[in-house]
Amino acid sequence: MLSFDDVLAARDRVAETARHTPLDYSHTFSSMTGATVHLKLETFQRTGAFKIRGATNRIATLSDAEQAAGVVTASAGNHAQGVALAATRMGVDAKIVMPEHAPVSKVEATRSYGGEVVLYGEDYDAAAERAHEIEREEGRTYVHAFDDEMVMAGQGTIGLEIYEDLPEVETVVVPIGGGGLISGIATALKGRDEDIRVIGVQAEGAASAPASLEKGEIVERDSVETIADGIATRKIGERTFEVIRERVDEVVTVTDSEIAVALTKLLERSKTLVEGAGAVPLAALLAGKFDYEDDEVIVPALCGGNIDLNVLTTVIMRGLIETGRYLRLRTVLKDRPGALDQLVEVISEQDANIYAIEHDRASRDIALNDAEVELDLETKGHEHVQSLLDALEANGYEIEVLV
């Protein structure tokens, strides 16, 4: 099993490639939660995510012959970039298999770091099958995204940094995909202080760890569905499962809506851009998914910031909806002059801002002398939304909330 000494040795190997990333006290999230919250900003890491640490450590431990033969891996994006950059810096040829629907930004970034990209399959697991075929066909060394002790040790250097920068830390919250990150961090932290609590978090649509821990063996999901593509794996690893079972104190799950809220709040309040997987630890804290004491020193590990811009637009919109900042509704008006003006006046009196209006006289679902209206509105929170809906209904409008 992965040891504390493995993590200590990894620190020297990755020091020239991986940055020591900031640990930033957040007044905003401390006030919101009642805890003392410090954000581990691995978003400032080279390649924008923690994966460069594990990839560097793994490739550095290959023999000369193995390095000459090259490496291959599978990844949804961040590990791909880490392997590509680490291999390029060490003069090793790298071939990376990515799911066909991997974010365009991550595919392009992987190529820019010097990796040869092969697009294959619907998800990480399908891509991994193809990568193993290439491993056998070309004699390359497979660099696993998480289920490799040298990869886990490299990721564990984050835990060393957290403790060095904040020895009084009490709880560290870490996302779980395959489990490599949390295995390394938990090993590092428990090696420094057994009393430090490590909380793992998975997206509900890709949660295999809770079921695996409950059953005592690895449980594989049939499919995964989450905006947190960086942790969208069907199962945790065999090696990581053993570490998680021994060194992780608790594993919880969060919904995509909770992830979107955390991502939006990080962007708006902390001016910090994270991807879905990076927002997962803060989402668990904000949603109260685990117990903690007042002023408890908590570090959410924000593991990456490589979010596709199209995905970001969708996630921000979801976050605004969940926090009552955006409302789309439908109503039916009499098709006569002034009817739309009267509706807009009620909305204006409630101080809601109109993004867009769609006015349809031809809908088959309404009477011939009616018009269907859909409105996109900027609102100020759930109480404001309810006040607006009450005012509209008081003025005789039948309202259907669309989002």
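Please refer to the structure placed before this passage.
Conventions used here
Residues numbered from 1 in each chain as written. Predicted model: local features only at pLDDT ≥ 70, side-chain atom pairs only at ≥ 80, totals over all residues. Heavy atoms only, no water. Axes fitted to C-alpha atoms, helices over the stretch in contact; angles between N-to-C directions. Helix = DSSP H or I, 4+ residues; strand = E, 2+ residues; numbered from the N terminus. Parallel < 35°, antiparallel > 145°, perpendicular 65-115°, else oblique. Contact = heavy atoms within 4.5 Å. Nonpolar A, V, L, I, M, F, W, Y, C, P; charged D, E, K, R; others polar. Pairing = 2+ DSSP bridges. Buried < 20%, exposed > 50% of the residue type's maximum accessible area, 1.4 Å probe, protein only. Arc of directions from axis to C-beta. Left-handed = near helix turned anticlockwise from the far one by under 90°.

(A) Just the packing of helix α5 (residues 78-89) against helix α6 (residues 104-112), in detail. Interhelical geometry of α5 versus α6 gives an angle of 10 degrees and a closest axis separation of 8 Å. The angle between α5 and α6 places the two elements in the roughly parallel class. Where α5 approaches α6, its residues Asn78, Ala80, Gln81 and Ala84 are matched on the opposing element by Lys106, Ala109 and Thr110. Split into classes, the residues belonging to the contact of α5 with α6 amount to 3 nonpolar, 3 polar and 1 charged.

(B) Highlighting the sheet that holds strand β10 (residues 297-302). Spatially, β1-β2-β10-β7-β8-β9 is the arrangement adopted by the 6 strands of the open sheet, whose pairing is mixed. Every interior strand has two partners, whereas the edge strands, β1 (23-25) and β9 (250-254), have only one. Sheet twist, expressed as the mean angle between neighbouring strand axes with direction ignored, is 25 degrees. The pairing of strand β7 (residues 171-175) with β10 spans 3 bridges and is parallel. From the neighbouring strand, valine 173 faces β10, where its bridge partner is proline 300.

(C) Representation of α6 in the model. When α6 is considered as a whole, its buried residues turn out to be Lys106, Val107, Ala109 and Thr110. Down the axis of α6, the buried side of the element spans an arc of 165 degrees, and every buried residue falls inside it. Pointing more than 90 degrees away from the buried face of α6 are the exposed residues Val104, Glu108 and Ser112. Contacts made by the buried residues of α6 are with α5, β4 (94-98) and β5 (116-119). Downstream of α6 by one or two residues, glycine 114 has phi in the positive range, about 105 degrees.

(D) Broad picture of the packing of helix α3 (residues 51-60) against helix α8 (residues 149-165). At a minimum axis separation of 7 Å, α3 and α8 run at an interaxial angle of 130 degrees. Between α3 and α8, the angle falls in the class oblique. The two elements α3 and α8 meet at a crossing, and its hand is right-handed. Facing α3, whose interface residues are Lys51, Arg53, Gly54, Asn57 and Arg58, α8 presents Met150, Val151, Ala153, Gly154, Gln155, Thr157, Ile158 and Glu161. Classifying every residue of the contact of α3 with α8 by side-chain character gives 4 nonpolar, 5 polar and 4 charged.

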